[in-house]
Amino acid sequence: MKPLILAFTGLSGVVLAFAWNAYPVWPNDSVFYSVPIVEVAAGHGLVNPVCMAVRNNDSQSRFIMFPPLESVVMGHILRLFTPDAAGLFKLYGLVTVLKLALAGWIFYRGRSC
């Protein structure tokens, strides 16, 4: 049991270190959902001025590709950091650590059954 906790703790530390110091490569579709998160955090609303494929053709550049709940919630959380790509990587690092902690808890509960 202790090695499992140490493994998840170590992996979480690596993820946070990379989030703060060495930004990972963006996935191919990140322009669809990462830009609106930064725009919401900056106070510009749910827009995507970067990618023409995910916005309508009016002057507001409204975001129309994905359901907006993730972008809005993560955008408001991103305001705790800086509303730019560096802050977004830190937020993604914390979310990844949360996912690792939840997975570790599930493995822990599964072993005790």
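Residue positions are counted from 1 within each chain, in the order its sequence is given. Two thresholds apply to this predicted model, a pLDDT of at least 70 for residue-level local features and 80 or more for giving and counting side-chain atom pairs, whereas whole-chain, interface and lining totals are computed over all residues. Note: side-chain values were computed over all heavy atoms of the structure, leaving out hydrogens and water.

This part is about the overall build of the protein chain. To qualify as a helix, a DSSP run of H or I must reach at least 4 residues; to qualify as a strand, a run of E must reach at least 2; elements of each kind are numbered from the N terminus. When its secondary structure is counted, the protein chain shows 4 helices and 0 strands. Taken from the N to the C terminus, the helices and strands of the protein chain come in the order α-α-α-α. Buried positions account for 32% of the 113 residues belonging to the protein chain. For every accessible area listed, the method is Shrake-Rupley and the probe measures 1.4 Å; residues are considered covered only by the protein chains on display. Carbon and sulfur atoms make up 69% of the accessible area of the protein chain, which totals about 7,300 Å². Buried means the residue's accessible area, taken with a 1.4 Å probe over protein chains only, is under 20% of the maximum for its type, while exposed means over 50%, and partly exposed covers the values in between.

Time to look at the confidence of the model for the protein chain. Confidence scores per residue from the predictor, reported as pLDDT, run from 0 to 100. When the pLDDT values of the protein chain are averaged, the result is 77; 74% of them are 70 or greater. Confidence, read as mean pLDDT per element, is least for helix α1 (residues 2–21) in the protein chain (75) and greatest for helix α3 (residues 69–78) (89).

A fitted line through C-alpha atoms represents every axis, and for helices the fit uses only the stretch in contact; the resulting angles, taken between N-to-C directions, go from 0 to 180 degrees. Packing of helix α2 (residues 30–41) against α3 leaves a shortest axis separation of 7 Å and a crossing angle of 50°. Taken together, the axes of α2 and α3 lie oblique to each other. Relative to α3, the crossing made by α2 is right-handed. Contacts between α2 and α3 pair Tyr33, Pro36, Ile37, Val38, Val40 and Ala41 from the former with Ser71, Val72, Met74, Gly75, His76 and Leu78 from the latter. In this count, Pro and Cys sit with the nonpolar residues alongside Ala, Val, Leu, Ile, Met, Phe, Trp and Tyr, while Asp, Glu, Lys and Arg are called charged and the others, Gly among them, polar. Partitioning the contact of α2 with α3 into residue classes produces 9 nonpolar, 3 polar and no charged. Any angle between 65 and 115 degrees counts as roughly perpendicular, while under 35 counts as roughly parallel, over 145 as roughly antiparallel, and the rest as oblique. It is the rotation of the near helix from the far one that decides the hand of a crossing: anticlockwise by less than a right angle makes it left-handed, clockwise makes it right-handed. Every residue pair with non-hydrogen atoms within 4.5 Å of one another is taken to be in contact.

The subject of this paragraph is α2. Along its 12 residues, α2 runs 16 Å from first to last C-alpha, staying within 8% of the 16 Å computed at 1.5 Å per residue. For α2, every residue scored as buried is listed here: Ser30, Phe32, Tyr33, Ser34, Val35, Pro36, Ile37, Val38, Glu39, Val40 and Ala41. In this structure, the buried side of α2 is in contact with α3 and α4 (85–111). Looking one or two residues beyond α2, the residue adopting positive phi is Gly43, at roughly 90°. For a helix, the expected span equals 1.5 Å multiplied by the number of residues minus one.

Taken together, the buried positions of α3 are Ser71, Met74, Gly75 and Leu78. The buried residues of α3 all sit within an arc of 110° when viewed along its axis, so they share a single face. Buried residues along α3 sit against α2 and α4. Throughout, the arc means the angular range of directions from the helix axis out to the C-beta atoms.

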